[in-house]
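Architecture and fold: a report
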Amino acid sequence: MSSLELVLFGGCRVRLASGAEPSLPTKKARLLLARLALPPGEVHAREKLAGLLWSEYGEAQARASLRQALAALRRALSGAEPLPLQVTPESVWLEPAALDCDVAHYDR
């Protein structure tokens, strides 16, 4: 059973297996979660994510903004077991077994 349900068609709705619907604090945090969800299991380089979502800033500011967004996602998803968000110093991904995403179902 997945610990995180993500509905991207018609907006961005997040639900944990417990039924809780965590609030993502910013539009960029929602965009980051959606990007991490597709395609399922893809490992994303932090540098590329920072450049994609914060291209209007310099590299240092973009990486800092990515760190803040990842911290917000960790807080929002902290009730999910197992934790779907995986972060290393160089990359970020969502565990595909912990994620149920409507767009991924549609693509299949």
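Residues numbered from 1 in each chain as written. Predicted model: local features only at pLDDT ≥ 70, side-chain atom pairs only at ≥ 80, totals over all residues. Heavy atoms only, no water.

**Description of the overall build of the protein**
Per the secondary structure count, the protein includes four helices and six strands. Element order for the protein, N to C, with α for helix and β for strand: β-β-α-β-α-α-β-β-β-α. A globule of 108 residues ought to have a C-alpha radius of gyration of about 13 Å, and the protein, at 13 Å, matches this closely. Projected onto its principal axes, the C-alpha positions of the protein cover 40 × 30 × 25 Å. When the 108 residues of the protein are sorted by exposure, 42% land in the buried category. Relative to all contacts within the protein whose residues are 6 or more apart in sequence, the contacts with residues 24 or more apart total 57%. (Helix = DSSP H or I, 4+ residues; strand = E, 2+ residues; numbered from the N terminus. Rg over C-alpha atoms; globule rule 2.2 N^0.38 Å. Buried < 20%, exposed > 50% of the residue type's maximum accessible area, 1.4 Å probe, protein only. Contact = heavy atoms within 4.5 Å.)

**Re the packing of helix α1 (residues 27-37) against helix α2 (residues 46-53)**
It is the contact of α1 with α2, at a shortest axis distance of 11 Å, that shows an interaxial angle of 135 degrees. It follows from the interaxial angle that α1 and α2 lie oblique. Classified by chirality, the crossing of α2 by α1 is right-handed. Here K28, L31, L32, R35 and L36 of α1 come into contact with α2, specifically with L49, L52 and L53. (Axes fitted to C-alpha atoms, helices over the stretch in contact; angles between N-to-C directions. Parallel < 35°, antiparallel > 145°, perpendicular 65-115°, else oblique. Left-handed = near helix turned anticlockwise from the far one by under 90°.)

**Observations regarding α2**
Looking at α2, one finds that the buried residues are R46, L49, A50 and L53. Projection of α2 onto a plane perpendicular to its axis shows the buried side chains occupying an angular sector of 100 degrees, all on one side. Among the exposed residues of α2, those oriented more than 90 degrees off its buried face are E47, K48 and L52. (Arc of directions from axis to C-beta.)

**Some points on the packing of aromatic side chains**
Applying the stated rule across the entire model yields one aromatic pair. Ring centres 5.6 Å apart and planes at 85 degrees place the aromatic pair F9 and Y106 in the edge-to-face group. Of this pair, F9 sits in the loop between β1 (4-7) and β2 (13-16) while Y106 sits in helix α4 (residues 102-107); the two residues are 97 residues apart in sequence, bridging distant segments of the chain. Judged by relative accessible area, which is 45%, F9 ranks as partly exposed. (Phe/Tyr/Trp six-rings, centres within 6.5 Å; stacked < 30°, edge-to-face > 60°.)

**Focus: the pattern of salt bridges**
Applying the stated criterion across every chain, the model contains four salt bridges. In this structure, E5 engages R15 in a salt bridge whose closest nitrogen and oxygen atoms are separated by 3.0 Å. Placement of the pair is E5 in strand β1 and R15 in strand β2, with a sequence separation of 10 residues. One salt bridge connects R15 with E21, and the closest N-O pair in it is separated by 4.0 Å. Given the relative accessible area of 36%, R15 is considered partly exposed. Through salt bridges with shared partners, one network takes in E5, R15 and E21. (Salt bridge = Lys/Arg side-chain N within 4 Å of Asp/Glu carboxyl O.)

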